[in-house]
Amino acid sequence: MKIVMDKQTTEKIEQVRESKILNKQQQGSSGISYKTIGTTLQALSVQLDKGETVYSDAGKMSWMTQNIEMETKSRGLVKVFSRIITGETLFVNHFTCTDGTGIVTFSTERAGKIIPVDLEKNKPAIIFQRGSFLCAENNVDLSIALTKKLSAGFFGGKGLILQKVSGTGRAHLMSDGEAVMYELEKDQEILVDNGNLVAYEETIDYDIQTVNGGIKNWIFGGEGIFLAVLRGPGKVWLQTRKFSLTSIYQSQYNKSSNGGLIQNPIGCIISIIITFVMLTFIILGITLTL
């Protein structure tokens with residue numbers, strides 16, 4: 001059987017064949033260079049010169065050149081404990097260029113956008129939903145952050161424990177669907193469905209409030225009972241596809257880069273316990289409200 005392709009398809013195939021691995025203009029330049037690949041199911045290509053390092057969650061690497069060395073680290077007992085709580089993989093992978101210039105590419109199964117965030121010592125840290133971390137430069141610290149208000153933690157849909165990046169350098173987060181960033185002025189507020197909230201700067205006041213209109217709107221409105229209240233000053237990153245904590249917990253069972261084995265079984269157990277606790281408080285909150 002003979003397959004006939006039109007000229008446009010042929011040109012696209014040739015264009016893919018002629019793609020260059022390295023960006024020669026960025027070789028030897030100051031700092032790490034990045035290139036986002038794709039539109040919907042995106043990947044991030046990171047070009048490293050000798051001695052430069054980035055790290056990511058286990059299972060995020062897609063391809064790399066032979067001069068990139070991977071080393072799996074725990075980043076200390078405190079970091080391991082925090083990763084157990086957040087349901088992430090127990091270890092992170094560090095990728096270092098050992099000679100010349102090379103690339104390492106990270107990707108995810110999510111249909112969404114990769115969000116770059118630049119961090120400096122005089123800038124606020126970025127707090128984000130669990131499961132959204134892709135990779136970061138070696139001087140960026142990845143840790144946990146507790147919601148400042150218990151009501152937001154119990155009823156906000158994000159849980160009491162979030163993740164945080166701080167330090168100096170660039171980190172990349174992942175959104176579900178398209179992403180947008182708003183910079184709120186002091187005391188400026190925006191109401192957001194918690195499933196659409198990706199990240200916010202540490203200066204943002206994050207709280208919740210009930211949907212206006214009473215029980216009728218809660219039951220038949222389809223927007224749930226609580227909305228997130230984000231008050232400036234600071235930046236807020238939102239996503240167009242709603243995301244819930246259950247997606248993180250289910251991924252611990254359904255997704256793995258090791259033949260279907262659970263990457264973080266302890267995290268799974270803790271996540272299930274947290275889920276039951278959150279559901280209990282939500283039911284109590286609805287009962288008290290009624």
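Note that the structure is predicted; figures quoted are calculated from it, not measured. (Residues numbered from 1 in each chain as written. Predicted model: local features only at pLDDT ≥ 70, side-chain atom pairs only at ≥ 80, totals over all residues. Heavy atoms only, no water.)

A closer look at the packing of aromatic side chains
Geometry of an aromatic ring pair is reported as the spacing of the ring centres plus the angle between the planes. Overall, the coordinates contain three aromatic pairs when judged by the stated rule. Consider the rings of Tyr-55 and Phe-133, whose centres lie 5.8 Å apart with planes at 35°: the pair is tilted. In this pair, Tyr-55 is assigned in strand S3 (residues 53-57) and Phe-133 in strand S10 (residues 133-137), connecting sequence segments 78 residues apart. An identical accessibility class is assigned to Tyr-55 and Phe-133; each is buried. Where Phe-95 meets Phe-106, the ring centres are 5.4 Å apart and the plane angle is 70°; that geometry is what we call edge-to-face. Taken as a pair, Phe-95 in strand S6 (residues 92-97) and Phe-106 in strand S7 (residues 101-107) lie far apart in primary sequence, 11 residues in all. Look at Phe-95 and you get buried, because its relative accessible area is 0%. For Phe-106, a relative accessible area of 0% corresponds to the buried category. (Phe/Tyr/Trp six-rings, centres within 6.5 Å; stacked < 30°, edge-to-face > 60°. Helix = DSSP H or I, 4+ residues; strand = E, 2+ residues; numbered from the N terminus. Buried < 20%, exposed > 50% of the residue type's maximum accessible area, 1.4 Å probe, protein only.)

Re the pairing of strand S19 (residues 234-239)
Burial of S19 is extensive: five of the six residues sit out of reach of the surface. Two elements, strand S16 (residues 197-201) and S19, share three bridges in a ladder whose sense is antiparallel. When the sheet's bridge partners are listed, Ala-199 is paired in S19 with Trp-237. (Pairing = 2+ DSSP bridges.)

Focus: the sheet that holds strand S9 (residues 126-128)
Spatial strand order, S11-S12-S9-S16-S19-S14: six strands in an open sheet with antiparallel pairing. In this open sheet, the two strands that pair with only one neighbour each are strand S11 (140-146) and strand S14 (179-184). Taken pair by pair, the neighbouring strands of this sheet meet at an average axis angle of 20°, ignoring direction. Two elements, S9 and S16, share three bridges in a ladder whose sense is antiparallel. Each bridged residue has a counterpart across the sheet, and for Ile-126 the counterpart in S16 is Glu-201. (Axes fitted to C-alpha atoms, helices over the stretch in contact; angles between N-to-C directions.)

A few points about unusual backbone geometry
The omega torsion across Gly-232 and Pro-233 is 20°, close enough to zero to call that bond cis. With respect to the helices and strands, the residue Pro-233 is situated in the loop between strand S18 (226-231) and S19. Despite not being glycine, Asp-187 has its phi angle at roughly 70°, a positive value. Mapped onto the elements, Asp-187 comes out in the loop between S14 and strand S15 (189-192).

Some details on the nonpolar core
Counting 17 residues, the largest nonpolar core has Ile-126, Phe-133 and Val-165 as the members making the most contacts within it. Counting only elements with at least two residues in this core, the list comes to strand S8 (114-119), S9, S10, S11, strand S13 (169-174) and S16. The element that contributes the greatest number of residues to this core is S8, accounting for three residues. Those residues in contact with Ile-126 that lie beyond four places of it in its chain are Val-117, Leu-119, Gln-163, Lys-164, Val-165, Leu-173, Ala-199, Tyr-200, Glu-201 and Trp-237. With 14 residues, the next largest nonpolar core counts Ile-32, Leu-44, Phe-95 and Ile-114 among its residues. (Core = buried A, V, L, I, M, F, W, Y, C linked by side-chain atoms within 4.5 Å. Contact = heavy atoms within 4.5 Å.)

Concerning the side chain of Lys-164
Examined against the element boundaries, Lys-164 turns out to sit in strand S12 (residues 161-167). Only 3.5 Å separates the side chain of Lys-164 from the side chain of Glu-202, close enough to count as a polar contact. Lys-164 has contacts with Ala-125, Ile-126, Ile-127, Phe-128, Asp-141, Leu-142, Ser-143, Ile-144, Ala-145 and Glu-202, leaving out every residue within four places of it along the chain. (Polar contact = N/O pair within 3.5 Å; in protein donor to acceptor, adjacent residues only side chain to side chain.)

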